[in-house]
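Notes for the structure review
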Amino acid sequence: MTNDTVRRCGYLALGAGVAWSATSLLSLLIDDPTRLLDVLMVAPLALTIAAFLALHRFQRDRLDRLGQWGYRLSLASFVLLVASQAVIVAGIERLYWVGFPLAAGVWFAGFLLYGIATARAGVLAPWIGIAIAFSEVATALLGIAFSPISPIADHGDYSGALAHGLIWLAIGSALLRGHAFIANRGDASALPSAALAASRE
């Protein structure tokens, strides 16, 4: 992996973080659920998928069986999330279950397993794995916390997405600053490519 690859992943993660955060803030500013937010959800989903796949390249050879299952479940959840968002935008209420509980449940399980495996793989800083593992839980809890000012709805409201936003912003920042890899943790001058090489020795 080259430094350009690391930077690209960093920018994708930052983009995902900004998109999630913007979606959350719009949900808080708009009183009622709106189809506009359902459509705009395409942006954070697409950027998260791209960032996740880019992040996976750094450690795919170091993940154990738990991580491989987490990766597969995460991919399955992405397919379900895109499909469920199309269902929501189309207003097919009888199929809303595709998004919740199905897609949400698979996403939770996939990120939980993948995050735990990431924390154990020895490539990325453990906090990144922990953040990924509990991102869905944090999002749900933040959505509940925001519910007095932004009531929970089955579509058009994504206030809890701020948790996803903050997590991906932190990951993107760590990648761009050279703090995301165990081999160069604490040394801001170390090159990400050198850290990647060291982690594979």
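The preceding data block contains the structure.
Nothing here was measured: the structure is a model prediction, and the numbers come from that model.

Quick look at the pattern of salt bridges
The full count for this structure, using the stated rule, is 3 salt bridges. In this structure, the salt-bridge partner of Arg-7 is Asp-4, at a minimum N-O distance of 2.6 Å. Highlighted residues: Arg-7 and Asp-4, both in helix H1 (residues 3-29), separated by 3 residues, approximately one helical turn. For Arg-7, a relative accessible area of 37% puts it in the partly exposed group. The exposure class of Asp-4 is partly exposed, given its relative accessible area of 45%. Note that Arg-120 is salt-bridged to Asp-64, the shortest N-O span being 2.5 Å. Of this pair, Arg-120 sits in helix H5 (residues 99-121) while Asp-64 sits in the loop between helix H3 (42-59) and helix H4 (65-90), and the two are 56 residues apart along the sequence. Given the relative accessible area of 54%, Arg-120 is considered exposed. On the basis of relative accessible area, Asp-64 is assigned to the partly exposed category, the value being 30%.

Here we look at the layout of surface pockets
Reported here for the largest pocket is a volume of approximately 850 Å³. Forming the walls of the largest pocket are 29 residues, and the residues nearest its centre are Phe-100, Ala-104, Ala-153, Asp-157 and Tyr-158. Put simply, the parts of the chain that give the lining of the largest pocket at least two residues each are H4, H5 and helix H7 (135-146).

Some thoughts on the packing of H3 against H4
Close contact between H3 and H4 brings their axes to 11 Å; oriented N to C, the two are set at 165°. One element, H3, and the other, H4, form an angle in the roughly antiparallel class. In the packing of H3 onto H4, the handedness of the crossing is left-handed. Along its contact with H3, which presents Leu-45, Ile-49, Phe-52, Leu-53 and His-56, the element H4 presents Tyr-71, Ser-74, Leu-75, Phe-78, Leu-81, Val-82 and Gln-85. Residues of the contact of H3 with H4, tallied by class, amount to 9 nonpolar, 3 polar and no charged.

A word on the packing of H5 against H7
Put simply, H5 and H7 touch, their axes get as near as 8 Å, and they point 130° apart. Taken together, the axes of H5 and H7 are oblique relative to one another. In this structure, H5 contributes Ala-104, Trp-107, Phe-108 and Phe-111 to the contact, and H7 contributes Ser-135, Glu-136 and Val-137. When grouped by side-chain class, the residues that make up the contact of H5 with H7 number 5 nonpolar, 1 polar and 1 charged.

Comments concerning the environment of Ser-135
The residue Ser-135 is located in helix H7 in this model. Given a relative accessible area of 2%, Ser-135 falls into the buried group. Sequence-wise, Ser-135 and Asn-3 are 132 residues apart; in three dimensions their C-alpha atoms are separated by 27 Å. With near-sequence residues (within four places) excluded, Ser-135 lies in contact with Phe-111, His-164 and Ile-167.

Definitions and limits used
Residues numbered from 1 in each chain as written. Predicted model: local features only at pLDDT ≥ 70, side-chain atom pairs only at ≥ 80, totals over all residues. Heavy atoms only, no water. Salt bridge = Lys/Arg side-chain N within 4 Å of Asp/Glu carboxyl O. Helix = DSSP H or I, 4+ residues; strand = E, 2+ residues; numbered from the N terminus. Buried < 20%, exposed > 50% of the residue type's maximum accessible area, 1.4 Å probe, protein only. 1 Å grid on protein atoms, 1.4 Å probe; cavity = no way out; pocket = protein on both sides within 12 Å on 5 of 7 lines; lining within 4 Å. Points joined across faces, edges and corners; volume = space filled by probe spheres on them. Axes fitted to C-alpha atoms, helices over the stretch in contact; angles between N-to-C directions. Parallel < 35°, antiparallel > 145°, perpendicular 65-115°, else oblique. Left-handed = near helix turned anticlockwise from the far one by under 90°. Contact = heavy atoms within 4.5 Å. Nonpolar A, V, L, I, M, F, W, Y, C, P; charged D, E, K, R; others polar.

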